[in-house]
Structures are given as C-alpha cells and as structure tokens.
Amino acid sequence: MFPNSSILGRPPFTPNHQQHNNFFTLSPTLYSHQQLIDAQFNFQNADLSRAVSLQQLTYGNVSPIQTSTSPLFRGRKRLSDEKNLPFDGKRQRFHSPHQEPTVVNQIVPLSGERRYSVPPLFHAHYVPDIVRCVPPFQEISFLEPREITLPEAKDKLSQQILELFEACQQQVSDLKKKELCRTLLQREIQLLFPQSRLFLVGSSLNGFGTRSSDGDLCLVVKEEPVNQKTEARHILTLVHKHFCTRLSGYIERPQLIRAKVPIVKFRDKVNCVEFDLNVNNIVGIRNTFLLRTYAYLENRVRPLVLVIKKWASHHEINDASRGTLSSYSLVLMVLHYLQTLPEPILPSLQKTYPESFSPAIQLQLVHQAPCNIPPYLSKNESNLGDLLLGFLKYYATEFDWDSQMISVHEAKAIPRPDGIEWRNKYICIEEPFDGKNTARAVHEKQKFDMIKDQFLKSWQRLQNKRDLNSILPLRAAILKR
C-alpha cells in the first residue's frame with residue numbers, strides 16, 4: 001500500500017517494476033489557488049457511497065479482494081438494504097472471519113548473519129485502482145514483530161524497568177487500529193486532494209510508543225515545504241469541514257488548531273484513539289524511520305526510552321505545550337547519552353549509513369532503511385538500571401547546558417551554533433535532518449530550572465535506593481499504560 005503499510009524493508013514492487021512505476025511519486029508542484037478551489041469543489045460534490053464502493057480486483061491468480069461499502073462513512077443512518085443484514089454482515093469490512101482473506105507472501109526466514117534488527121509490522125499486496133488511482137481497501141495482515149530478546153535483568157532496578165516496559169509498550173493490535181484509521185481516512189482525503197498521501201508518524205511507528213500513545217498523521221500534498229500560516233491552514237480547513245460533515249459517524253470532536261503549525265485533532269470513535277493531523281511535515285516522516293532504526297538496533301534502547309518518558313511525564317517535564325520537553329526531544333536525549341558513553345551503545349546511523357538516511361531520499365523509499373541496517377554489537381555490558389542512573393547523572397552533572405548542543409547526527413555534544421535560533425536558548429537539541437532546535441519550547445528559565453532540578457533530585461534519590469518506585473510509582477505508571 002504505502003510506505004508505512006507494507007513490510008518495513010520490503011518495497012511494494014520488485015526493483016524491476018519500481019523503476020518504471022510512478023504511483024508513489026508525489027507531485028512537486030505547489031497546490032495553486034485554482035487547485036484549492038477544485039478541492040473545495042470536490043468536497044462539495046463528493047459522493048462517498050459511490051467513492052468507497054469499488055469493483056472487485058484481483059492479484060495474479062488470487063481470488064478477488066472483497067470490498068464493501070462501509071456504513072461508517074455515510075453518516076449515522078444506514079441504507080435501507082442494510083437494515084436486515086445480520087450483525088456479522090454489517091461488520092464484515094473490519095477483518096471479519098466471513099470475508100475471504102487476502103493471500104499474502106510468507107516471510108522467508110533468513111540465516112543468522114542475514115537477520116536484521118527491525119521487525120516487520122505488516123504486509124499487504126498493493127493492487128492499483130485503475131479507476132481513481134486510490135488503493136482499494138483490503139484486509140491487511142499484520143504480522144507479529146520478529147521476537148527480539150530483551151536484555152537480562154539480574155538486579156531489582158533492571159527488573160522493574162523491564163516489568164514497566166513489558167506492561168506499557170505498544171502492542172501490534174494498537175498499531176493495527178491506527179493503521180486501519182489511516183487507511184480509511186486517506187481514502188476520504190483523496191476525494192479532496194487526489195494526489196495526497198497520509199502517513200502514520202511519531203511514536204506509533206518509531207518503536208517508542210506506549211499503549212496510551214496518540215496517533216500522529218502527516219498529510220503530504222507535495223515533497224516541498226508549504227506555508228503553514230496560509231496554505232496548510234486552508235487545506236486543513238477543508239479537511240476539518242469534511243470530517244465534520246461527512247464522517248461524523250466515525251470521527252468525533254474534530255478541532256482545527258490554528259497554531260504556528262496548524263493541526264486537526266480528532267478521535268476515532270470505533271477504536272477510541274486520539275489523532276493529530278498536520279500537513280507536509282516531511283521531516284517527521286524521515287525521523288520516524290530513523291528513530292525506528294535506533295529503537296531496534298540494540299535491545300536496551302526501547303526499555304530505557306520508555307521508562308525515561310514515563311519518569312518525565314510523572315514529574316511534569318514532558319509537555320512541550322507547557323514549556324517543557326517534548327517526547328521527541330527526550331528520545332534524542334537518550335540516544336545522545338547512549339552514543340557518548342566511554343564504550344558507546346549506539347553509533348551515528350546517519351554517519352555510518354549516509355546512503356540510507358539521506359534527506360534526499362524520496363519519501364516512498366524511506367521505510368526501507370530500517371531493515372537494511374544490521375544490529376549494532378556494543379562491548380558495553382551495562383544493565384538497564386545502571387544506564388538509567390547514568391542518564392540522570394549525565395544531564396544532572398556532566399552535560400554543559402550553557403555551551404553545548406545535543407547532536408544525534410554527530411553522536412556527540414557539539415558547541416552551540418551562533419545562529420539566531422540558538423541564541424538565548426536554555427536547551428539546544430539538534431533535529432537530525434533539518435538541524436532545528438527540537439527543545440525550543442523550553443523558553444522560560446523557571447521551566448528550565450525545574451527540568452535540571454528534577455534530573456539532579458531523581459539521580460540522587462535513585463542512587464541511594466536503587467528502587468524505581470523512589471522516582472516513579474511503578475504500579476500507577478503501569479495502570480496508565
């Protein structure tokens with residue numbers, strides 16, 4: 001289907017087909033005023049029942065893929081011919097056992113030396129829709145991630161970190177719900193902007209999600225920046241109106257947030273998942289797959305990131321909207337710490353594999369990078385408890401906040417640049433692709449002091465007690481998921 005709806009690391013076409021296929025290529029042309037008018041016209045004239053109802057399509061010798069018209073996208077009232085259908089018939093669209101399944105290729109196990117570090121998420125055959133060039137809805141087989149051995153936990157603190165991770169990490173079923181919503185919404189948005197693509201990004205896909213993580217969506221209308229104050233806001237206004245008038249049976253509480261980077265917030269009624277939708281945050285797509293590669297490069301990375309995110313949230317220093325650290329900044333801080341140990345646990349992927357993480361790579365190819373990177377074998381044998389203590393100590397006593405910048409791209413702390421974006425900033429964290437400051441939300445000294453104070457107090461407390469409960473109530477954190 002799309003980059004984030006096929007097995008990560010497997011192109012949707014064979015290389016021979018790929019070089020001749022232009023389906024995934026996004027038009028670089030700016031949406032003109034006339035095109036936006038056309039989108040508004042499309043919105044006003046969208047016949048959703050006709051748009052969702054597609055002919056049966058086949059893939060080779062496989063039986064036709066069954067498609068049906070979903071009542072979710074026709075408002076609250078069902079059509080008269082559906083009233084007498086049995087319940088299972090009405091729900092057949094959502095992975096019903098009564099529906100003939102789509103046949104998918106089986107993954108061929110690789111020999112030990114060929115196994116890569118990132119597990120596939122799901123796989124579905126892509127079948128072009130010759131009518132509207134919109135991929136038809138079809139049953140998607142989500143494959144369980146390949147089993148990755150968790151690190152050993154011989155001490156109490158490490159055992160507590162693993163217990164928290166296993167209870168709170170995002171499950172395949174959670175991701176499946178978000179991907180289903182993305183697929184359906186993409187179909188609807190393409191009624192307004194036929195050449196657009198909708199990507200699932202952020203923690204849901206980068207390997208650092210929890211069971212309570214919201215879904216982040218990026219609507220791409222071109223592979224170039226858009227004016228967020230004008231063009232993006234107008235596009236989202238049309239999308240918001242479409243959600244309110246056409247999808248009220250499926251989406252609730254859609255809100256258009258007219259911020260510096262505008263978004264549409266909404267809730268999926270069926271799966272009870274909150275979503276944020278932005279326009280053309282291309283960097284967010286690229287860094288999603290960079291972080292996903294780091295997440296599965298070494299088996300201590302994901303448990304450590306999860307416990308630190310939970311710790312920061314508990315102490316109210318994990319909310320960019322309130323002037324503290326975003327989850328993305330926290331992840332970069334953890335990766336940076338693991339890169340700068342005397343015996344590093346992580347390398348710089350962008351310097352080691354520049355061809356896999358180049359900003360010039362087309363969006364339809366970025367999903368392939370994670371599965372092309374072999375695991376990183378570190379000589380550092382520190383356990384999770386020691387790494388958590390070391391992380392807190394590093395930012396409490398060692399890192400120079402006044403003169404240094406965190407750089408995951410360079411795998412080290414580097415001097416702050418002289419640019420205006422970095423002057424008078426309390427925390428400087430370099431975005432790995434566009435070089436901007438991901439911690440620019442921390443603009444008040446009071447919030448900065450609160451963050452530093454929490455690092456120091458938590459380090460001292462945990463060093464004395466070696467019990468996670470001393471800095472993060474474990475039971476409450478697990479209940480929150």
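Named according to an unreviewed UniProt entry, the chain is Poly(A) RNA polymerase GLD2 originating from Trichechus manatus latirostris. Heading Catalytic activity (unreviewed entry) of the UniProt record for the chain holds this comment: "RNA(n) + ATP = RNA(n)-3'-adenine ribonucleotide + diphosphate".

### Describing empty space enclosed by the protein
Under the criterion given, the structure shown has 4 cavities of 30 Å³ or more. A volume near 70 Å³ is recorded for the largest cavity. Contributing to the lining of the largest cavity are Arg286, Phe289, Leu290, Ser356, Phe357, Ser358, Ile361, Val366, Ala369 and Phe433. For the second largest cavity, the calculated volume is near 50 Å³. Among the residues forming the lining of the second largest cavity, the class breakdown is 6 nonpolar, 1 polar and 2 charged.

### So, the sheet that holds strand β7 (residues 273-279)
On the basis of which strands lie adjacent, the open sheet formed by 5 strands has the order β3-β4-β7-β6-β5 and mixed pairing. Because the sheet does not close on itself, it has two edges, and the strands there are β3 (197-201) and β5 (251-257). Strand-to-strand twist across the sheet, computed as the mean angle between neighbouring axes with direction ignored, equals 25 degrees. In the sheet, strand β4 (residues 215-220) pairs with β7 via 5 bridges, with the strands oriented parallel.

### Concerning unusual backbone geometry
Most peptide bonds take the trans form, and the phi angle of most residues other than glycine is negative. Residues other than glycine seldom take positive phi values, yet cysteine 272 does so here, at roughly 55 degrees. Looking at the element boundaries, cysteine 272 is found in the loop between β6 (263-268) and β7. The partly exposed category is assigned to cysteine 272, whose relative accessible area is 48%.

### Concerning the packing of aromatic side chains
Across all of its chains, the model carries 15 aromatic pairs by this definition. Between tyrosine 395 and tryptophan 401, the aromatic rings sit 5.7 Å apart at their centres with planes inclined by 40 degrees, giving tilted as the arrangement. This pair shows no difference in class: tyrosine 395 is buried, exactly as tryptophan 401 is. Pairwise contacts between aromatic rings join Trp311, Tyr337, Phe391, Tyr394, Tyr395, Phe399, Trp401, Tyr426, Phe448 and Phe455 into one cluster.

Rules used throughout
Along every chain, residues carry numbers that run from 1 in the direction the sequence is written. Per-residue local features are limited, in this predicted model, to residues with pLDDT of at least 70; the limit for side-chain atom pairs, both in listing and counting, is 80 or more; totals at the level of whole chains, interfaces and linings are taken over all residues. The basis for every side-chain value is the complete set of heavy atoms in the structure, and neither hydrogens nor water enter the calculation. UniProt positions are given in the numbering used here, feature names are shortened, and annotations may be inferred rather than shown by experiment. A cavity, in this analysis, means grid points on a 1 Å lattice covering only the protein atoms where a 1.4 Å probe fits yet has no way out; a pocket is instead an open set bounded by protein on both sides within 12 Å along at least five of seven lines, and a residue lines either one if it has an atom within 4 Å of a point. Grid points are joined across faces, edges and corners, and a volume is the space filled by probe spheres set on the points. Under the grouping applied here, Gly and all other residues not named as nonpolar or charged are polar, the nonpolar ones being Ala, Val, Leu, Ile, Met, Phe, Trp, Tyr, Cys and Pro and the charged ones Asp, Glu, Lys and Arg. Two strands are counted as paired when DSSP detects at least two bridges linking them. Numbered from the N terminus, helices here are DSSP runs of H or I no shorter than four residues, and strands are runs of E no shorter than two. Axis definition: a line fit to C-alpha positions, over the contact stretch in the case of helices; interaxial angles, taken between N-to-C directions, run 0 to 180 degrees. Only protein chains enter the accessibility calculation, which uses a 1.4 Å probe. A residue is then buried if its area is under 20% of the maximum for its type, exposed if over 50%, and partly exposed in between. By convention, a stacked pair of Phe, Tyr or Trp rings (six-membered ring in the case of Trp) has centres within 6.5 Å and planes under 30 degrees apart, an edge-to-face pair has planes over 60 apart, and any other such pair is tilted.

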